[in-house]
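Structural characterization, general
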Amino acid sequence: MSGHLRKLGLGLIAGLMASTAAVAAEPKTYLGVDISYANEMDDCGAVYRSGDKTVEQYQFFKDAGSNIARIRLWNDPKWTNYSNIADVTKSIKRAKAAGLQVLLDFHYSDDWADGEKQLAPKAWEKLSTPEQAKALYAFTYDTLVKLDAQGLMPDLVQVGNETNGEIVSTLEKAKDPINWERNALLFNAGIKAVRDAGAKGSKNPRVMLHIAQPDTVEDWFAAAAKAGVTDYDMIGISYYSKWSKRSMAQLGESINRLRHTYSADVVVVETSYPFTTEGADSSPNLLGEDSLIPGYPATQEGQKKYLIDLTQLVFANGGTGVFYWEPAWVSTKCKTRWGTGSNWENSTLFDFKGQPVQGIKWLSSTYVMPVETTFKVAAGDKAAAFIDGDFLGGAGPRPMVREGADFVYRTRLMPGASVTVATAPTAEAVEAASAVTATISAKPSAVRLPVQP
């Protein structure tokens, strides 16, 4: 739909608007925290307080407003006693005891897997691709079955972490163009494992695929779809301004296009922001001046404003949640491979004395949520209908669904927003179709569009 289209006036479309409830169910929303370091921090003597009381991490974040904990899992990490299956089992028990849902994050590596590297577990290095797919399936399936036997089946499962490059690979190969025939085989093996474990278990976890930064996320999911990777429920995006060339507004635009293009909820599954550029130890901070966004200083108020504004941006663009990484990785006397202490203590949700910072209020803030909006057009003798509009953010014409005598398109839009919409029997014809404008109601509503010739 182009900008020069003839538009019908607001007065006409207002008369076509009905306050009928939309049929689509309200999506689940997530305000999450990745506290995979929790057990290690306890062993290192970290103390978290709220006023004069000592608090336990999982229960503290639940009480503060979080509804889900994200927990990472490596395959066989010989270099650490954490984020293995025993540690993850302990973490999930703590999360569920606090009343939190759980997102289990499979890295499919013995070490960190991220946008720069996707190193195969040592036990899988010399296997052929079909053998690696079988191993990935077995590891995923067996892990979930074992957890479910203890009443610990996660609610969400990530099949890979920041999988920008080819997974179960080498550092060099992860940066090469992706061999999608191989990549799809591995992803689909992991997805099938989650589906199979869920079908036989106590619950069916939702499947998430996760890409680092919005810069490449749309191209990645387009390539994945072309390769046959389609059976997932959620799209996860990491957003750190230090490693992204996209603004917050551009992140929102990508979220909007993704949720209209794929049948998946979209979340920012990793973000963080410093409340100071100072440090509590000699270990260098990963987020410093190079991580700041104009208007959001490295202060407690700046961190809080960033988190609240980002979360509102995500919801306003149809996303369904935000997760904070890593709010409890405070400074201790323990040593890591990078030094003594933490590389993140200036970006947690606790200050250097273990007290909550202002950013914690992000979890309990009130957000304006989009409302269900259903566009309808009489089907008549038409075999199909397509819709386009500025609310799609450039995603292009989308097919409408036949329901009785109408074609419908359901979405979520912000109350009070003015949208321009056109429909046509073919995707190619939408651009030349007459457009109408409408103001979105504060309640779930249906917008009946005029029949196109």
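Everything numeric here is computed off the predicted structure, so don't read it as measured data. (Residues numbered from 1 in each chain as written. Predicted model: local features only at pLDDT ≥ 70, side-chain atom pairs only at ≥ 80, totals over all residues. Heavy atoms only, no water.)

Here's the deal with the overall build of the protein
Broken down by element type, the protein carries 10 helices and 22 strands. The C-alpha atoms of the protein give 23 Å as radius of gyration, which agrees with the globular expectation for 453 residues (22 Å, within 12%). In terms of overall dimensions, the protein has a C-alpha envelope of 70 × 50 × 40 Å along the principal axes. As presented, the protein carries roughly 18600 Å² of accessible surface, and 54% of it is formed by carbon and sulfur atoms. (Helix = DSSP H or I, 4+ residues; strand = E, 2+ residues; numbered from the N terminus. Rg over C-alpha atoms; globule rule 2.2 N^0.38 Å. Areas by Shrake-Rupley, 256 points an atom, 1.4 Å probe, with all protein chains shown as cover.)

Some thoughts on the side chain of Thr320
Mapping Thr320 onto the fold places it in the loop between helix 10 (300-316) and strand 12 (321-325). Leave out the neighbours within four places in its chain, and Thr320 touches Pro27, Lys28, Thr29, Tyr30, Asp265, Val266, Val267, Val314, Phe315 and Arg412. (Contact = heavy atoms within 4.5 Å.)

Notes on empty space enclosed by the protein
Summed over the entire model, instances satisfying the criterion amount to 3 cavities of 30 Å³ or more. Of the pockets and cavities examined, the largest cavity occupies roughly 80 Å³. In terms of lining, the largest cavity is formed by Val377, Ala378, Ala379, Lys382, Ala384, Ala385, Phe407, Thr423, Ala424, Pro425, Val451 and Gln452. Elements with a contribution of two residues or more to the lining of the largest cavity: strand 15 (371-378) and strand 20 (418-424). (1 Å grid on protein atoms, 1.4 Å probe; cavity = no way out; pocket = protein on both sides within 12 Å on 5 of 7 lines; lining within 4 Å. Points joined across faces, edges and corners; volume = space filled by probe spheres on them.)

Brief notes about the domain arrangement of the protein
On domain assignment, one finds that the protein holds domain 1 (30-364) and domain 2 (371-448). Of note, the centres of domain 1 and domain 2, computed from C-alpha atoms alone, are 35 Å apart. Contact residues are listed per partner, giving 9 residues for domain 1 and 11 residues for domain 2. Counting across the interface, domain 1 meets domain 2 through 8 residue pairs in polar contact (both at pLDDT 80 or more). (Domains from an automatic or database assignment. Polar contact = N/O pair within 3.5 Å; in protein donor to acceptor, adjacent residues only side chain to side chain.)

Concerning the state of the cysteines
Applying the stated criterion across every chain, the model contains 1 disulfide. With a sulfur-sulfur separation of 2.0 Å, Cys44 is cross-linked through a disulfide to Cys334. The chirality of the disulfide connecting Cys44 with Cys334 is left-handed, given an S-S dihedral of about -110 degrees. With Cys44 in the loop between helix 2 (38-43) and strand 4 (49-50) and Cys334 in the loop between strand 12 and strand 13 (335-336), the pair connects residues that are 290 residues apart, well separated along the chain. (Disulfide = S-S within 2.5 Å.)

Concerning helix 7 (residues 180-200)
Between its first and last C-alpha atoms helix 7 spans 30 Å; for 21 residues at 1.5 Å apiece the expected length is 30 Å, and the two agree. Where helix 7 begins, one side-chain oxygen reaches toward the backbone nitrogen of Glu181, 3.2 Å away; that side chain belongs to Asn179. (Expected span 1.5 Å × (residues − 1).)

Quick notes on the nonpolar core
If you look at the biggest cluster of nonpolar residues, it comprises 96 residues, and the most contacted ones within it are Phe61 and Ile235. Among the elements that line this core, the one with the most residues is helix 7, at 9 residues. With residues up to four places along the chain from it excluded, the contact list for Ile235 reads Met208, Leu209, Val217, Phe221, Leu258, Tyr262, Ala264, Asp265, Val266 and Val267. Grouped together as the second largest cluster of nonpolar side chains are 19 residues, Val371, Phe375, Val377 and Val447 included. (Core = buried A, V, L, I, M, F, W, Y, C linked by side-chain atoms within 4.5 Å. Buried < 20%, exposed > 50% of the residue type's maximum accessible area, 1.4 Å probe, protein only.)

Thoughts on the pattern of salt bridges
On inspection of all chains with the given rule, the structure shows 24 salt bridges. Asp34 is the salt-bridge partner of Arg70, the closest N and O atoms lying 2.8 Å from each other. Residue Arg70 is located in strand 6 (residues 68-73), and its partner Asp34 is located in strand 3 (residues 30-34); the two are separated by 36 residues in the primary sequence. A single burial state applies to Arg70 and to Asp34, both of which are buried. Measuring nitrogen to oxygen at the nearest pair gives 3.0 Å for the salt bridge that ties Arg94 to Asp42. Taken together, the positions of Arg94 in helix 4 (residues 85-97) and Asp42 in helix 2 put the pair 52 residues apart, joining distant regions of the chain. Look at Arg94 and you get buried, because its relative accessible area is 16%. On the basis of relative accessible area, Asp42 is assigned to the partly exposed category, the value being 33%. (Salt bridge = Lys/Arg side-chain N within 4 Å of Asp/Glu carboxyl O.)

Focus: the packing of helix 5 (residues 129-149) against helix 7
Viewed as axis vectors pointing N to C, helix 5 and helix 7 meet at an angle of 25 degrees, and their least axial separation amounts to 8 Å. As summarised for this structure, helix 5 and helix 7 are arranged roughly parallel, according to the angle between their axes. Along this stretch, helix 5 crosses helix 7, giving a crossing that reads as right-handed. Contacts between helix 5 and helix 7 involve Thr129, Pro130, Gln132, Ala133, Leu136, Tyr137, Thr140, Tyr141, Leu144 and Val145 from the first element and Arg182, Leu185, Leu186, Ala189, Gly190, Lys192, Ala193, Val194, Asp196, Ala197 and Lys200 from the second. Class assignment of the residues belonging to the contact of helix 5 with helix 7 gives a composition of 13 nonpolar, 4 polar and 4 charged. (Axes fitted to C-alpha atoms, helices over the stretch in contact; angles between N-to-C directions. Parallel < 35°, antiparallel > 145°, perpendicular 65-115°, else oblique. Left-handed = near helix turned anticlockwise from the far one by under 90°. Nonpolar A, V, L, I, M, F, W, Y, C, P; charged D, E, K, R; others polar.)

A few points about helix 8 (residues 217-226)
When helix 8 is considered as a whole, its buried residues turn out to be Val217, Trp220, Phe221 and Ala224. Within helix 8, the buried residues cover an arc of 90 degrees as seen down the axis, which keeps them to one side. Residues Asp219 and Lys226 are exposed on helix 8 and point more than 90 degrees away from its buried face. Residues of helix 8 that are buried sit in contact with helix 7, strand 9 (206-212), strand 10 (234-239) and helix 9 (248-261). (Arc of directions from axis to C-beta.)

Some remarks on the pairing of strand 6
Taken across its 6 residues, strand 6 has 6 buried, putting it largely inside the fold. Neither face of strand 6 is open: one carries Ile68, Arg70 and Arg72, the other Ala69, Ile71 and Leu73, and all of them are buried. Two strands pair when backbone bridges link them, and strand 3 and strand 6 are joined in this way by 3 bridges, in the parallel orientation. Each residue of the ladder has a partner; that of Asp34, found in strand 6, is Arg70. In this sheet, strand 7 (residues 101-106) lies alongside strand 6 in parallel orientation, the contact comprising 6 bridges. Bridging across to strand 7, Ile68 finds its partner in Gln101. Regarding the hand of the β-α-β motif, the stretch spanning strand 6, helix 4 and strand 7 is right-handed. (Pairing = 2+ DSSP bridges. Right-handed = clockwise from strand over helix to strand, strands pointing away.)

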